[in-house]
Amino acid sequence: MDKVTVVLLNWNGLEYIEKCVESIFKQTYSNIELIIVDNGSTDFSLDVISRKYPDLQILKNETNLGFAQGMNTGITASSGEFVLLLNLDVYLKDDYVAKAISLFEKDKSL
C-alpha cells in the first residue's frame with residue numbers, strides 16, 4: 001500500500017483546522033502521513049490542534065511564506081509516494097484518498 005502524504009497549510013486557521021484534520025484522520029485509506037505547515041500564524045490554531053493531536057508533525061515558518069513556498073516546505077519533508085496538497089477549508093469525504101489511489105492504480109498514465 002503506497003504512502004500518501006497530506007500537506008496541510010495553516011495560517012491563522014483556527015476556524016477550520018480541527019475539522020480539516022479530523023477529515024484526514026477519518027480516511028478509510030490507512031497509510032497516510034500528515035504534515036502541517038504553519039505560515040507564521042498569530043492565532044491559537046496550532047495550540048488547539050497540538051493539544052488534541054500531540055503527535056502531529058508540524059513545521060513552523062516564522063513568517064507567512066505564501067502558498068507555494070509553504071506547500072514546498074511540506075513537500076520537501078514528505079515521504080509519501082503520493083502528495084496531496086490541502087487547504088484548511090477543505091474537508092475530505094472518508095473515502096477520498098482511497099478513491100484517488102484506486103484511480104492511479106487503474107490508470108498508470110495519470
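That block above? That's the structure.
Here the structure is a predicted model, which is why all the values come from computation and not from measurement. (Residues numbered from 1 in each chain as written. Predicted model: local features only at pLDDT ≥ 70, side-chain atom pairs only at ≥ 80, totals over all residues. Heavy atoms only, no water.)

*Asks:* What is the right way to read the overall build of the protein from this model?
*Replies:* Regarding its fold elements, the protein presents four helices and four strands. The helix and strand sequence of the protein, counted from the amino end, reads β-α-β-α-β-α-β-α. A compact globule built from 110 residues would reach a C-alpha radius of gyration of about 13 Å, and the protein, at 14 Å, matches this within 12%. Expressed along its principal axes, the backbone C-alpha trace of the protein runs to roughly 45 × 25 × 20 Å. Split into buried and exposed, the 110 residues of the protein put 37% on the buried side. Across the protein, every contact between residues at least 6 apart in sequence was considered, and the portion connecting residues at least 24 apart equals 72%. On the protein, roughly 6,500 Å² of surface is accessible, and the fraction owed to carbon and sulfur atoms is 51%. Looking at the protein, you have 10 positive and 16 negative side-chain charges, and the mean spots of the two groups are 6 Å apart. (Helix = DSSP H or I, 4+ residues; strand = E, 2+ residues; numbered from the N terminus. Rg over C-alpha atoms; globule rule 2.2 N^0.38 Å. Buried < 20%, exposed > 50% of the residue type's maximum accessible area, 1.4 Å probe, protein only. Contact = heavy atoms within 4.5 Å. Areas by Shrake-Rupley, 256 points an atom, 1.4 Å probe, with all protein chains shown as cover. Lys, Arg positive; Asp, Glu negative; His and termini not counted. Charge placed at Lys NZ, Arg CZ, Asp CG, Glu CD.)

*Asks:* Where do I start with the environment of serine 45 in this structure?
*Replies:* Relative to the helices and strands, serine 45 resides in helix H2 (residues 45-52). Note: C-alpha distance between serine 45 and glutamine 57 (twelve residues apart in sequence) is 14 Å. Beyond its immediate stretch of four places on either side in the chain, serine 45 contacts Asn10, Asn12, Gly13, Leu14 and Ile17. Side chain to side chain, serine 45 and aspartate 43 meet in a polar contact 2.7 Å long. (Polar contact = N/O pair within 3.5 Å; in protein donor to acceptor, adjacent residues only side chain to side chain.)

*Asks:* What's the story with the packing of helix H1 (residues 17-25) against H2 in this structure? I'm lost.
*Replies:* Packed helices, taken two at a time, are described by their axes: the angle between them and the distance between them. With their axes 10 Å apart at the nearest point, H1 and H2 run at an angle of 35° to one another. Judged by the sense of rotation from one axis to the other, the crossing of H1 with H2 is right-handed. In this structure, H1 uses Ile17, Glu18, Val21 and Glu22 to contact H2, whose residues at the interface are Ser45, Val48, Ile49 and Lys52. (Axes fitted to C-alpha atoms, helices over the stretch in contact; angles between N-to-C directions. Left-handed = near helix turned anticlockwise from the far one by under 90°.)

*Asks:* In this structure, what is going on with unusual backbone geometry? I would like to understand it.
*Replies:* Note on backbone geometry: most residues besides glycine have negative phi, and most peptide bonds are trans. Residue asparagine 12 is not a glycine yet carries a positive backbone phi of 50°. Relative to the helices and strands, asparagine 12 is located in the loop between strand S1 (4-10) and H1.

*Asks:* What exactly am I supposed to notice about H2 here?
*Replies:* Each α-helix turn comprises 3.6 residues. Residues three or four places apart therefore point the same way. Among all positions in H2, only Ser45, Leu46 and Ile49 are buried. For H2, the angular spread of buried residues about the axis comes to 90°, placing them on one side. (Arc of directions from axis to C-beta.)

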